[in-house]
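# A look at the structure
This is what each chain is made of:
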Amino acid sequence: MQRFRESDAKYEYSPDHASIGTVQPGEQFEVESVEGYSGYFRAPSDFMPESYAQAEAHKWAVVGPISVAGAEAGGAVAVTIHDVDVVTPGVVTYGAYGPDVDPFEWWDDETGADVYPVEGGLVRFDERTSLPTRPLIGCLAVMPEEGDVHAKLQGRYGGNLDCRELRAGATMILPVAHPGAGLYFGDCKALMGDSEIVGPPEVGAVVTASAVPVARPASMEWPRIETAEELMTLVSGRPLEWSARQAFRELLNWVAADYDLPRAKAALLLAMVAHARIAQISNTDYTSYCVAPREVLAPYRR
């Protein structure tokens, strides 16, 4: 199995990057995802102003670009996640989260670090609480259409979406702007709730994935995720309510195109069963995702 090393990490998505290798359609491959703080904090005592500045300068490392044979500009690529194997402890930086401080400023008030052991599928929070891991991939992208984009950002090319559903068993569909697509992986977390208002445990991981070029659906403008149970659309922008409404529209476009339902009736059905959720509100643009259960749509499948 091909394995793409963390030594090939970048800090931006760019059509000017040389491919680090090519995978065939459906071929499983492994990607080493760099721990979010690049190993600067192995213990709470490692946190100092100097180490924090260095860690911040090396955040959002993504490994890529990986070419997918047969992927063409104007098409799409479906990336299936088979496994996210956590290989480091979980690292967080944190502040006081004061009750009188605007939560917008919490990210600028980080004054310490902590390290959570991850063993046997559990994150050990403290001596009283251990939580089951639910590893996810924070950043999955293709090369953007033009320009260099910092890996902390996101858009129609994917990127730092921080959607907790991008995990083993999920398939993300991304629009392709360049031959080979140019996949980037990174920013894995051991466990994360919706919105990333404060930082979850960043982990190093080995991602096992496969990718297949697919025709880009005419109804698709933003990334999609499919699982065995659900369909999801992800949109990033400001304000958050714009992202949420556009994610609903993207899902409606999908359902109206693929299911035997008039558009207005599809909208009314989604109004009853779809959920607008927050992926992240910690970034330059906010990401919302809209989710619909497959079982409700199954009777209308064309």
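Before any of the text, the structure's been laid out above.
Figured I'd write up the structure that's included with this text.

Reading the values: rules and limits
- Residues numbered from 1 in each chain as written.
- Predicted model: local features only at pLDDT ≥ 70, side-chain atom pairs only at ≥ 80, totals over all residues.
- Heavy atoms only, no water.
- Core = buried A, V, L, I, M, F, W, Y, C linked by side-chain atoms within 4.5 Å.
- Buried < 20%, exposed > 50% of the residue type's maximum accessible area, 1.4 Å probe, protein only.
- Helix = DSSP H or I, 4+ residues; strand = E, 2+ residues; numbered from the N terminus.
- Expected span 1.5 Å × (residues − 1).
- Contact = heavy atoms within 4.5 Å.
- Salt bridge = Lys/Arg side-chain N within 4 Å of Asp/Glu carboxyl O.
- Pairing = 2+ DSSP bridges.
- Axes fitted to C-alpha atoms, helices over the stretch in contact; angles between N-to-C directions.
- Arc of directions from axis to C-beta.

## Points about the nonpolar core
One finds Val77, Leu183 and Phe185 to be the most contacted residues of the largest nonpolar core, which totals 50 residues. With five residues, strand S18 (residues 181-189) is the single largest residue contributor to this core. Grouped together as the second largest cluster of nonpolar side chains are 17 residues, Val235, Leu251, Ala274 and Cys290 included.

## A closer look at helix H2 (residues 240-258)
With 19 residues, H2 extends 27 Å from end C-alpha to end C-alpha; this agrees with the ideal 27 Å at 1.5 Å per step. Those residues of H2 lying buried are Ser243, Gln246, Ala247, Glu250, Leu251, Leu252, Asn253, Trp254, Val255 and Ala256. Of the surrounding elements, those touching the buried residues of H2 are strand S20 (224-226), strand S21 (230-237), helix H3 (263-273), strand S23 (286-293) and helix H4 (294-297).

## So, the pattern of salt bridges
Tallying each qualifying case throughout the model produces 14 salt bridges. A salt bridge links Arg156 to Glu221, with the shortest nitrogen-to-oxygen separation between them at 3.5 Å. Taken together, the positions of Arg156 in the loop between strand S15 (154-155) and strand S16 (158-160) and Glu221 in the loop between strand S19 (205-214) and S20 put the pair 65 residues apart, joining distant regions of the chain. Judged by its relative accessible area of 39%, Arg156 is partly exposed. Given the relative accessible area of 31%, Glu221 is considered partly exposed. Arg249 is paired through a salt bridge with Glu221; the nearest N and O atoms lie 4.0 Å apart. With Arg249 in helix H2 and Glu221 in the loop between S19 and S20, this pair connects stretches of sequence that are 28 residues apart. According to the relative accessible area criterion, Arg249 is partly exposed, its value standing at 37%.

## Looking at the sheet that holds S19
Read across the sheet, nine strands follow the order S1-S5-S19-S7-S17-S20-S21-S23-S22 without closing on themselves; strand pairing throughout is mixed. Every other strand in the sheet has two partners, leaving strand S1 (2-4) and strand S22 (275-280) as the edge strands with one partner each. Across the sheet, the mean angle from the axis of one strand to that of its neighbour is 30°, orientation sign disregarded. Bridge analysis of strand S17 (residues 171-175) against S20 gives three bridges, and the strand direction is antiparallel. The residue of S20 that forms the bridge with Thr171 is Glu226. Across the sheet, H2 touches S20, S21, S22 and S23, and the angle it forms with S21 is around 140°.

## A look at helix H1 (residues 49-57)
Buried residues of H1: Ser51, Tyr52 and Ala55, and no others. One side of H1 carries all its buried residues, which in axial view fall inside an arc of 100°. In H1, those exposed residues whose orientation departs by more than 90 degrees from the buried face are Pro49, Glu50 and Ala57. Where the residues of H1 are buried, they touch strand S8 (90-94).

## What about unusual backbone geometry?
The peptide bond linking Gly64 to Pro65 adopts the cis configuration, its omega dihedral lying at 0°. Put simply, Arg238 and Pro239 share a cis peptide bond, and its omega is -5°. Positionally, Pro239 belongs in the loop between S21 and H2. At Ser38, a residue that is not glycine, the phi angle is positive and equals roughly 55°. Residue position: Ser38 is located in the loop between strand S5 (29-33) and H1. On the basis of relative accessibility, which here comes to 28%, the residue Ser38 falls in the partly exposed class. Unusually for a residue other than glycine, Ala181 sits at a positive phi of about 75°. Tracing the backbone through its elements, the reader meets Ala181 in strand S18.

## As for the pairing of S17
The buried fraction of S17 is high, at five of five residues. What you see with S17 is no split at all: Thr171, Ile173 and Pro175 on one side and Met172 and Leu174 on the other are buried throughout. By the bridge criterion, five bridges tie strand S7 (residues 76-86) to S17 in an arrangement that is antiparallel. Within S17, the position partnered with Ala76 by the bridge is Pro175.

## Some details on the sheet that holds strand S11 (residues 122-124)
In spatial order, the strands read S10-S11-S12; together these three strands make up an open sheet with antiparallel pairing. Two strands close off the open sheet at either side, each with one partner strand: strand S10 (118-119) and strand S12 (130-132). Summarising the sheet, S10 and S11 pair through two bridges and their orientation is antiparallel. Residue pairing in the sheet places Glu119 in a bridge with Leu122 of S11.

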